[in-house]
Amino acid sequence: MKAYVYTDKSLERYAGRFVWLSVNTEAAETAAFLKKYPIPALPTLLVLDPKRDTVALRYVGGATVPQLRKMLDDAERSHRARMEAQTDRLLAEADQLASEGKQADAAKTYDAAIRTAPGRWTRLGRAAESLVYSLSLAGDRERCTARALELYPRLKGTMAAANVASTGLWCAIALKQDADVAKLETYTREAFDNKKIEMSNDDRSGLYMALIEARDFEGDDEGAIALRGEWVAFLEEAAAKATTPEQRTVYDSHRLSAYLDLGMPEKAVPMLEQSERDFPDDYNPPSRLAYAYKALEQYDKALAASDRALAKVYGPRKLAVLSVRADIYMAKGDAKTAKETLVQAIEYGKSLPEGQRPDKRIAAFEKRLAEMK
Amino acid sequence: MKRVLPLALMLLGALSTRAELPFIENDYQRAVREASAKNVPIFVEAWAPW
């Protein structure tokens, strides 16, 4: 086979797809191998799976070039199927850990899945997005940044790449790492500008936020203002194109953020009033209105909106509404009622069942209250 | 003279069609390390020089 088969040009394409081992059964250094894999006749051809230490294919006798090609194809296919099965299991395990809130463990397992993944693994994008996101939730911003930088080039041209880059960008900004911010901003921008990537308006709006944050971080006020203007125009166009009130209100929260950022809270009022009329049972429109009116320093209107929100809100979200309410009282100069509102928020938070009890938020309120005293 | 050059080129061409599969000689541990790192299987040919 050495003389006629392995020299065939058609085998060249297999060169990098296997590691090739020639075992001279007479040579002293191959004794350990032969003890593990007894060879009854020569030649014997084997395909081994190095990770599992198992035999994937065995053939006693010589092979012609077409026979060998067939064997290699078969072996590669079954190797790939086994690796994919293992990688998919790791991905499912990581998803499970992430949904249990064990973000650091989930990140480790996503990493393991990505490491064992065979080439062209179709779930790489989702695994990479989940990995970077879990790292950011776990507060491991160093690895979040580093992994985003490493994974982006492998995903380039996909929505997953855009999400990996923008999540990494937030992490890098939090770390104040200039060089990493610059690189991840370039990646995010590249994905943002790529017309071939199918992107929901929500996704695009999220990328705007990351890009604006990066401009702010760079101290580029002009660039940040221009981008905010572009973001608002984009959101307004998307909302104008909405064919139902449900579709239109999807943009309310991002539009409110954008208007507040631009120092134009008054522009948020008509849309939020419209949403409140369209969805009288929803606490979101009045709770957002309270925010907008507070920014406009119209405290009575802000409190009235807060009252309407409080009448409808339930669960952990109520703490957010109470927090804004405390801010309104503070801005109004009524520190006493602001404190009472915080006390009320803390009591309510503690009354929530485990699983819904926002411990971090409660702690933040307690700290705030202590500072006010 | 005219025929010599094409013949030489043909010979060179024929030589370059020889594939070189990068066989590791006898070192199983090294093969395992390389295959694990590259995430590919190991092809083994067991033979004897007789």
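Residues numbered from 1 in each chain as written. Chains lettered and ligands numbered in written order. Predicted model: local features only at pLDDT ≥ 70, side-chain atom pairs only at ≥ 80, totals over all residues.

**Let's talk about the overall build of chain A**
Looking only at helices and strands, one finds 17 helices and three strands in chain A. For 373 residues, the compact-globule estimate of 2.2 N^0.38 gives 21 Å, and the C-alpha radius of gyration of chain A, at 29 Å, exceeds that figure by more than 25%. Oriented by its inertia axes, the alpha-carbon framework of chain A measures out at about 95 × 45 × 40 Å. Here chain A holds 373 residues, and the buried ones make up 33% of them. (Helix = DSSP H or I, 4+ residues; strand = E, 2+ residues; numbered from the N terminus. Rg over C-alpha atoms; globule rule 2.2 N^0.38 Å. Buried ≥ 20, exposed ≤ 12 C-beta atoms within 10 Å, placed from the backbone.)

**Details of helix 11 (residues 252-261) of chain A**
All names here are of chain A. Those residues of helix 11 lying buried are His-254, Arg-255, Leu-256, Ser-257, Ala-258 and Tyr-259. Elements that come into contact with the buried residues of helix 11 comprise helix 8 (201-218), helix 9 (221-241), helix 12 (268-278) and helix 13 (284-295). Gly-263 lies just past helix 11 and shows a positive phi near 70 degrees. (Contact = placed C-beta atoms within 7 Å.)

**Here we look at the packing of helix 7 (residues 178-193) of chain A against helix 8 of chain A**
Residues and elements named next belong to chain A. Orientation of helix 7 relative to helix 8, taken along the N-to-C sense of each, is 145 degrees, at an axis distance of 10 Å. In this structure, helix 7 meets helix 8 at a crossing whose hand is left-handed. On helix 8, the residues that touch Val-181, Glu-185, Thr-188, Arg-189 and Phe-192 of helix 7 are Leu-207, Ala-210, Leu-211, Ala-214 and Phe-217. Each residue belonging to the contact of helix 7 with helix 8 can be placed in one class, and the counts come to seven nonpolar, one polar and two charged. (Axes fitted to C-alpha atoms, helices over the stretch in contact; angles between N-to-C directions. Left-handed = near helix turned anticlockwise from the far one by under 90°. Nonpolar A, V, L, I, M, F, W, Y, C, P; charged D, E, K, R; others polar.)

**Some details on the environment of Glu-129 of chain A**
Residues and elements named next belong to chain A. The topology assignment puts Glu-129 in helix 4 (residues 124-137). Counting along the chain gives 19 residues from Glu-129 to Tyr-110, while the straight-line C-alpha distance between them is 9.6 Å. Ignoring any residue separated from it by four or fewer positions in sequence, one finds Glu-129 in contact with Ala-160, Asn-163 and Val-164.

**As for the interface of chain B and chain A**
The interface of chain B with chain A comprises 27 residues on the first partner and 39 residues on the second. For the side of chain B that touches chain A, the secondary-structure elements that each account for two or more residues are strand 1 (23-25), helix 2 (28-38) and strand 2 (42-47) of chain B. At seven residues, the largest contribution of residues to the side of chain B that touches chain A is made by helix 2 of chain B. Residue classes in the side of chain B that touches chain A are distributed as 18 nonpolar, four polar and five charged. By the bridge criterion, five bridges tie strand 2 (residues 44-49) of chain A to strand 2 of chain B in an arrangement that is antiparallel. When the sheet's bridge partners are listed, Leu-45 of chain A is paired in strand 2 of chain B with Glu-45 of chain B. (Pairing = 2+ DSSP bridges.)

**Describing the sheet that holds strand 2 of chain A**
Taken together, five strands build an open sheet; the order of strands is 3(A)-2(A)-2(B)-1(A)-1(B) and the sheet is mixed. Strands at the two margins of the open sheet, each flanked by one partner only, are strand 3 (54-60) of chain A together with strand 1 of chain B. The mean angle between the axes of side-by-side strands here comes to 25 degrees, regardless of whether they run parallel or antiparallel. Lying on the sheet, helix 2 (residues 65-99) of chain A is in contact with strand 2 and strand 3 of chain A; it crosses strand 3 of chain A at an angle near 165 degrees. Here helix 2 of chain B sits on the sheet in contact with strand 1 (19-24) of chain A together with strand 1 and strand 2 of chain B, set at roughly 170 degrees to strand 1 of chain A.

**Re the confidence of the model for chain B**
Residue and element names in this part refer to chain B. For chain B, the mean per-residue pLDDT works out to 74, and 62% of the residues sit at or above 70. Note on residues 1-18: pLDDT is under 50 here. Beyond four places in sequence and across chains, it has two contacts. Under the prediction, the complex receives an ipTM of 0.71, its pTM being 0.72. (pLDDT = per-residue confidence, 0-100.)

**So, the pairing of strand 2 of chain A**
Residue and element names in this part refer to chain A. Counting buried residues along strand 2, six of its six residues qualify, which places the element largely inside the surrounding structure. Going residue by residue along strand 2, you find Thr-44, Leu-46 and Leu-48 tucked away on one face and Leu-45, Val-47 and Asp-49 tucked away on the opposite face as well. Relative to strand 3, strand 2 runs antiparallel, the two being bridged by six bridges. Paired with Leu-48 across the strands is Val-55, a residue of strand 3. The hairpin turn running from strand 2 into strand 3, its antiparallel successor, is four residues long, and Asp-53 in that turn takes a positive phi close to 60 degrees.

**A look at the pairing of strand 1 of chain A**
Bridging between strand 1 of chain A and strand 2 of chain B involves six bridges; their strand directions are parallel. By the bridge assignment, Leu-21 of chain A is partnered in strand 2 of chain B with Val-44 of chain B. Inspection of the sheet shows strand 1 of chain A paired to strand 1 of chain B by three bridges, in the parallel sense. Following the sheet pairing, Leu-21 of chain A is matched in strand 1 of chain B by Ile-24 of chain B.

**Regarding the nonpolar core**
Counting residues in hydrophobic clusters, the biggest one holds 70 residues, and the most contacted among them are Ala-128, Val-164, Ala-165 and Leu-169 of chain A. In contact with Ala-128 of chain A, other than residues within four places in its own chain, are Ile-114, Leu-151, Leu-155, Ala-160 and Val-164 of chain A. Of all hydrophobic cores here, the second largest spans 20 residues; its members include Leu-68 and Ala-75 of chain A together with Ala-35 and Val-44 of chain B. (Core = buried A, V, L, I, M, F, W, Y, C linked by C-beta atoms within 7 Å.)

**Re the environment of Val-164 of chain A**
The topology assignment puts Val-164 of chain A in helix 6 (residues 159-175). Remark: the alpha-carbon pair of Val-164 of chain A and Leu-184 of chain A, spanning 20 residues in sequence, is separated by 9.2 Å.

**Concerning the packing of helix 8 of chain A against helix 9 of chain A**
Residues and elements named next belong to chain A. Closest axis-to-axis distance for the helix 8/helix 9 pair is 9 Å, and the angle between their directions is 165 degrees. In terms of axis orientation, helix 8 runs roughly antiparallel to helix 9. Remark: the crossing between helix 8 and helix 9 carries left-handed chirality. Contacts from Asn-201, Arg-204, Ser-205, Tyr-208, Leu-211, Ile-212, Arg-215 and Asp-216 of helix 8 reach helix 9 at Gly-223, Ala-224, Leu-227, Arg-228, Trp-231, Phe-234, Leu-235 and Ala-238. Residues of the contact of helix 8 with helix 9, tallied by class, amount to nine nonpolar, three polar and four charged. (Parallel < 35°, antiparallel > 145°, perpendicular 65-115°, else oblique.)

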